[in-house]
Each structure stands twice: as C-alpha cells, then as structure tokens.
Amino acid sequence: MTAQLNPRGDVAVLVPAAGAGVRLGPGAPKALRPLAGEPLLVHAVRRIAAAPSVHTVVVAAPAADVDSVQAMLAPVAPVIVVPGGAERQASVAAALAAVPAGPEIVLVHDAARALTPPALIESVAAAVRSGHDAVIPVLPVVDTIKEVGAGELVLATADRSALRAVQTPQGFRRAVLTAAHATAGDPLTDDAGLVEKQGVPVVCVPGSEYALKVTRPFDLALAEHLLSAGQAG
Ligand code: CTP
Ligand code: MG
C-alpha cells in the first residue's frame, strides 16, 4: 500500500499526536477526543491532506492506539502511523525516521491545532521552498508578558513588541531538521528551538488564529463554536 498523497508533492508533514491531553482533563488521549463528533486528529489530517504540496503524512500516535488510528485515518487520507514517545520531541523524532525518500521539505504540525487552514500549511512550505532553512508561523502577543519568580513576585516585564506567539506547522529543509534531531538534548516544546540551538536562522511568517492549539476545555469549546458557525474550513 502506498502512503503517498500527491506523488509530485515535495512536503512531508509530521503530526505529533501521542500526547495525553492532561490540561484538557480526564479522558482519551487528546488527539482522539471528539470535536463536533470527529477526533481532533481527523480534523487535522483532513486539512493537511487538502494542502496540494503534501506528499506524505506521518502521524505519531499513542503507542496503544497505532492500529486504531491507522483504521480511523484510512478513509481520510493515506498516512503512515508510528508509535510516539514519552515527550513531544521523541514523537517527532519517531515520525521523522519514518519519512520515505523524496520530500525535501518537512513540516511538523500538532494534531491539537485541528482547525489549521490548508493555506497556512502551504505558506510555510512555500517559505522553505523559497530558500529559508527554518520557518515558523507566529502571531503578535496581545497580553503583556511578565517573568515571575518565587512567591509569584514579578521579576521583569518583557517588551511586548518584540514577542511573538509561535504556532505550527513549523517548516524545515529536511537535512536541517534531521541534523537538529540527531544532536537533540533536553526535550523542547517546539522544533524550531532545536534548530536555533544549531545556529540556523529561523524566519517568522504570519500565522492564523484558526491554528489555535486545543489545550484547555475553553479551546475545545471555541473550536466547536468556530466549526458550528461555519468559520473554520
Ligand atoms: N505530543 C506527542 N507526544 C507526546 C506529547 C505531545 O506527540 N509525548 C503531541 C500532542 O499530541 C499534541 C502536540 O504534541 O498534538 C502538542 O502538545 P500538547 O498540546 O502539549 O498536547 P498534550 O501533551 O497531549 O497535552 P498536555 O500537555 O496537556 O498533556
Ligand atoms: Mg504536552
């Protein structure tokens, strides 16, 4: 069985989906929890598959759910499913190891960002294709951010104009991401962080509010509302 989407595409999308979803509260692993009647992961993969540059999708699923995730996604898109790891970084590394020869652009995209528009996936891929080694979608920060220490005492106030909230998909030239993961140390919460440590320049492109990460119950409610209001594609 071939797991290719578009054989002429130049993009592999890695989908870390093996997290528990502790902040969402008790229940199934987050990627498998329902949003408007379908698992978050189904929403995410459907939008990835709608991006025309995508050649291959590799999902890192909870180890106990690899077979059920494969069956669940079969009607949505051809995907490769591998067992994820204990940390997000290990799940991404497992997915990266399963990418077949061919795609030279690799995107890493959280299953939890289930409503991400295909156009954002394309714009990150296009920025890598145009010559950037590492690309992240960002939004301006709306709240003032303070650094806080022991006893909840404020230590410092950041200059908000220089801050960005970082989303996924994060895009990389394949060799750059492979090299970063080969030398990875302590787990980080995003892949651009690994690449930064290698001294590779990381460039920002505009993100999308629809690429919000479903993290807490409020986010799930917001995503449900956006879908039912017909505001998310
Ligand atoms: N992820 C993963 N493997 C892990 C941890 C996280 O593949 N060991 C994935 C999640 O499934 C999610 C993405 O990484 O799609 C972003 O992580 P996060 O939003 O933190 O999800 P969870 O770890 O599931 O949530 P929580 O931290 O609340 O438990
Ligand atoms: Mg987590």
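The rules behind the values
- Residues numbered from 1 in each chain as written.
- Chains lettered and ligands numbered in written order.
- Predicted model: local features only at pLDDT ≥ 70, side-chain atom pairs only at ≥ 80, totals over all residues.
- Heavy atoms only, no water.
- Buried < 20%, exposed > 50% of the residue type's maximum accessible area, 1.4 Å probe, protein only.
- Helix = DSSP H or I, 4+ residues; strand = E, 2+ residues; numbered from the N terminus.
- Arc of directions from axis to C-beta.
- Contact = heavy atoms within 4.5 Å.
- Salt bridge = Lys/Arg side-chain N within 4 Å of Asp/Glu carboxyl O.
- Near = heavy atom within 4 Å.
- Polar contact = N/O pair within 3.5 Å; in protein donor to acceptor, adjacent residues only side chain to side chain.
- Areas by Shrake-Rupley, 256 points an atom, 1.4 Å probe, with all protein chains shown as cover.
- Nonpolar A, V, L, I, M, F, W, Y, C, P; charged D, E, K, R; others polar.
- Core = buried A, V, L, I, M, F, W, Y, C linked by side-chain atoms within 4.5 Å.
- Pairing = 2+ DSSP bridges.
- Axes fitted to C-alpha atoms, helices over the stretch in contact; angles between N-to-C directions.
- Parallel < 35°, antiparallel > 145°, perpendicular 65-115°, else oblique.
- Left-handed = near helix turned anticlockwise from the far one by under 90°.
- 1 Å grid on protein atoms, 1.4 Å probe; cavity = no way out; pocket = protein on both sides within 12 Å on 5 of 7 lines; lining within 4 Å.
- Points joined across faces, edges and corners; volume = space filled by probe spheres on them.

Every buried residue of helix α5 (residues 174–182) is accounted for by R174, V176, L177, A180 and H181. Considered in projection along α5, the buried side chains sweep an arc of 165° and stay on one side of the axis. Buried-residue contacts for α5 involve β1 (11–16), α3 (88–97), β6 (105–108), β11 (170–173) and α6 (191–197).

This structure, assessed with the given rule, holds six salt bridges. For R88, the salt bridge identified is with D191, shortest N-O distance 2.9 Å. Taken as a pair, R88 in helix α3 and D191 in helix α6 lie far apart in primary sequence, 103 residues in all. Under the relative-accessibility criterion, D191 is labelled buried at 1%. Between D110 and R113 there is a salt bridge whose closest N-O contact spans 3.2 Å. Accessibility assignment for this pair places D110 and R113 in one class, buried. The network of salt bridges with common partners includes R88, D110, R113 and D191.

Let us look at the site of ligand 1. The immediate surroundings of ligand 1 are formed by 18 residues, with P16, V22, R23, S91 and K213 found nearest. Residue A18 places a main-chain N or O atom 2.8 Å away from an oxygen atom belonging to ligand 1. In the environment of ligand 1, an oxygen atom lies 2.7 Å from a nitrogen or oxygen atom belonging to the backbone of V22. Notes on ligand 1: free accessible area 560 Å², of which the protein chains cover 87%. Class assignment for the residues of the shell around ligand 1 results in eight nonpolar, four polar and six charged.

In terms of nonpolar packing, the biggest core is built from 32 residues, with V15, L41, V59, L73 and L107 touching the most fellow members. If you tally residues by element for this core, the top one is helix α4 (residues 118–129), at six residues. Excluding residues within four positions of it along the chain, V15 makes contact with L41, I48, V57, V58, V59, A60, H109, D110 and A111. Ranked by size, the runner-up nonpolar core spans 22 residues in total, among them V82, V92, I136 and V176.

This part takes up the pairing of strand β9 (residues 154–157). Every regular strand shows the same layout, with side chains that alternate between the two sheet faces. Bridge count for strand β8 (residues 146–148) against β9 is three bridges, and the pairing is antiparallel. Bridging from a neighbouring strand, K146 pairs with T157 of β9. As consecutive antiparallel partners, β8 and β9 are separated by five residues, and within that stretch G151 has a phi angle of approximately 70°, a positive value.

With that out of the way, let us pick up the packing of helix α1 (residues 40–49) against helix α2 (residues 66–73). Contact pair α1 / α2: the axes reach a minimum separation of 11 Å and the direction vectors enclose 50°. It follows that α1 is oblique to α2 by the angle criterion. The interaxial crossing formed by α1 with α2 has right-handed handedness. Residues L41, V42 and V45 of α1 touch α2, and the partners they reach there are V69, M72 and L73. Class assignment for the residues of the contact of α1 with α2 results in six nonpolar, no polar and no charged.

This brings us to the layout of surface pockets. In this structure, the largest pocket encloses a volume near 1500 Å³. In terms of lining residues, the largest pocket is bounded by 43 residues, among which R23, D110, R113, K213 and T215 are the most central. Looking at the lining of the largest pocket, the elements with two or more residues in it are α3, β7 (134–140), β10 (164–166) and α7 (217–228). Take the lining of the largest pocket: its biggest share by element is three residues, from β7.

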